[in-house]
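Given next are the chains, with one letter for each unit.
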Number of protein chains: 2
Amino acid sequence: MCEANAYIIKEGQEHLIMKSVDILEPSGENVWKLVDIFGDQKIVKGCIKGMNLVDHKILFEAQSG
Amino acid sequence: MCEANAYIIKEGQEHLIMKSVDILEPSGENVWKLVDIFGDQKIVKGCIKGMNLVDHKILFEAQSG
């Protein structure tokens, strides 16, 4: 399976948001909808800092200010 | 391997940008750097319209106007 785990960086630390993310879609400005392989959904506020698909990693950064 | 293929929607049609994308990083406002599993790089101008990792698909949309 080729899903990825999503993390958000807050105050310099990575926090796991969701495992096994299948779908990622924009849901507004700097808002993203994640859907995992089980169909569970989460909304993330932040910008995409990077992805490394071979490492199964999606990294968001929380908006400052 | 869990890389994905990147497409851009222009005039309603999907065009393949890059196969076997490993890394995706922001490179400015609505500019993205893609790196494939061979280390080749491409710059994409557009916004992320969606990703479906299980289907190995990253979809960009060209900026209009």
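None of these values were measured; they are calculated from a predicted model.

Chemist: A description of the nonpolar core should follow, citing residues and the corresponding values.
Modeler: Judged by nonpolar contacts, the single largest core of 30 residues is most densely connected at A:L24, A:F60, B:L24 and B:F60. Ignoring anything within four residues of it in the chain, the contact list for A:F60 reads A:A6, A:Y7, A:I8, A:I9, A:I17, A:L24, A:W32, A:L34, A:V44, A:C47, A:I48 and A:K49.

Chemist: So what about the interface of chain B and chain A? Which residues, and what values?
Modeler: Across the contact, 21 residues belong to chain B and 21 residues belong to chain A. Buried surface at the junction of chain B and chain A, both sides included, amounts to about 1600 Å², of which 67% is carbon and sulfur. Considering only the surface of chain B that becomes buried against chain A, B:C2, B:M51 and B:L53 emerge as the three largest contributors, covering 39% of it. Remark: the boundary between chain B and chain A carries zero salt bridges.

Chemist: Break down the side chain of A:D36 for me, with residues and values.
Modeler: All names here are of chain A. Within the secondary structure, D36 is located in strand β3 (residues 31–36). A distance of 2.9 Å separates a polar side-chain atom of D36 from the backbone nitrogen of F38. D36 has contacts with M18, K19, S20, V21 and D22, leaving out every residue within four places of it along the chain.

Chemist: Could you give an account of the confidence of the model for chain A, naming the residues involved and the relevant values?
Modeler: Residue and element names in this part refer to chain A. This prediction gives chain A a mean pLDDT of 94; 95% of its residues lie at or above 70. Ranking the elements of chain A by mean pLDDT puts strand β5 (residues 47–52) last, at 96, and β3 first, at 98. Interface scoring of the predicted complex returns ipTM 0.90; its pTM is 0.92.

Conventions used here
- Residues numbered from 1 in each chain as written.
- Chains lettered and ligands numbered in written order.
- Predicted model: local features only at pLDDT ≥ 70, side-chain atom pairs only at ≥ 80, totals over all residues.
- Heavy atoms only, no water.
- Core = buried A, V, L, I, M, F, W, Y, C linked by side-chain atoms within 4.5 Å.
- Buried < 20%, exposed > 50% of the residue type's maximum accessible area, 1.4 Å probe, protein only.
- Contact = heavy atoms within 4.5 Å.
- Buried area = accessible area lost by both parts, 1.4 Å probe.
- Salt bridge = Lys/Arg side-chain N within 4 Å of Asp/Glu carboxyl O.
- Helix = DSSP H or I, 4+ residues; strand = E, 2+ residues; numbered from the N terminus.
- Polar contact = N/O pair within 3.5 Å; in protein donor to acceptor, adjacent residues only side chain to side chain.
- pLDDT = per-residue confidence, 0-100.

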